[in-house]
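Residue-level structural notes
The residues making up each chain are set out below.
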Amino acid sequence: FFFFRSKMLRELVATVFRSSHGMGVSTPGRAKRGVWAGKTIVTGHKVSYSNRRQKRKFFPNTQPNILWSEMLQRWIRVSLTAHALRCVERVGGFDEYMLYSKPHEEDDTYFSKMIRKQLIGIWEKEHGKKFNRSKAIYEARLEQLELDRQLELKRWQDITDRTKWERGQDE
């Protein structure tokens, strides 16, 4: 009876506290607090002139940053890789990056999962429907295409108006 109780307790601890102490999935300490955008710690060798090899680790280029979140209405202190920072700037902000980037890129960090869950909850409250990443991206692209089509039609109209041949004009 005592054995089963301790086993149940161990399983409970393993599901609640996932640590690198043999009870669950191992995550590096810095990964819990940052956004690494799919980058990981890679192992390799330090090779000397005499071609001797010593094991070493290659760490991602992380930089401490403070980013503004429009949806959460607060500043977020986060450790970002240089790649993640470029991605955030490209998509237009931290919220857009966390919502619309591929989920497997954030799954390596506890921090990313927590922030993403909060942002999805706020998005669902604002829009009154369940968040679907691929559908939201598709709708945004359609909207952009419609804007591009309208602009193209306006440009074409301007060109045709300027080049219209009128009677009595010399050729």
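Residues numbered from 1 in each chain as written. Predicted model: local features only at pLDDT ≥ 70, side-chain atom pairs only at ≥ 80, totals over all residues. Heavy atoms only, no water.

Notes on the overall build of the chain
In terms of regular secondary structure, the chain is built from seven helices and five strands. Overall, the chain shows an N-to-C arrangement of helices and strands of α-α-β-β-β-β-β-α-α-α-α-α. For the chain, the proportion of its 171 residues judged to be buried stands at 22%. Here the contacts in the chain between residues at least 6 apart in sequence split such that 43% fall between residues at least 24 apart. Total accessible area on the chain stands at roughly 13,900 Å², and carbon and sulfur atoms take up 55% of it. (Helix = DSSP H or I, 4+ residues; strand = E, 2+ residues; numbered from the N terminus. Buried < 20%, exposed > 50% of the residue type's maximum accessible area, 1.4 Å probe, protein only. Contact = heavy atoms within 4.5 Å. Areas by Shrake-Rupley, 256 points an atom, 1.4 Å probe, with all protein chains shown as cover.)

Things to note about the pairing of strand 2 (residues 42-47)
One ladder, built from six bridges, connects strand 2 with strand 3 (residues 53-58); its direction is antiparallel. The residue bridging His45 from the neighbouring strand is Lys55, located in strand 3. Here strand 2 hands over to strand 3 after five residues, with Asn51 in that stretch at a positive phi of 70°. (Pairing = 2+ DSSP bridges.)

A few points about unusual backbone geometry
The phi angle at Asn51 is positive, at roughly 70°, despite the residue not being glycine. The topology assignment puts Asn51 in the loop between strand 2 and strand 3. Unusually for a residue other than glycine, Gln73 sits at a positive phi of about 55°.

Some remarks on the pattern of salt bridges
The tally for this structure, following the rule as stated, stands at one salt bridge. The partner of Glu146 in a salt bridge is Arg149, and the shortest N-O contact between them spans 3.3 Å. Within this pair, Glu146 and its partner Arg149 are both found in helix 7 (residues 133-162), separated by three residues, close to a single helical turn. Relative accessible area serves as the criterion here: at 37%, Glu146 is assigned to the partly exposed category. (Salt bridge = Lys/Arg side-chain N within 4 Å of Asp/Glu carboxyl O.)

Some words on helix 3 (residues 82-91)
Within the span of helix 3, buried status applies to Ala84, Cys87 and Val88. The buried residues of helix 3 occupy an angular sector of 100° when the element is viewed end-on, so they sit on one face. Opposite the packed face of helix 3, turned more than 90 degrees from it, sit the exposed residues Arg86, Glu89 and Arg90. Where helix 3 is buried, its residues touch strand 1 (34-35), strand 5 (74-81) and helix 4 (94-100). (Arc of directions from axis to C-beta.)

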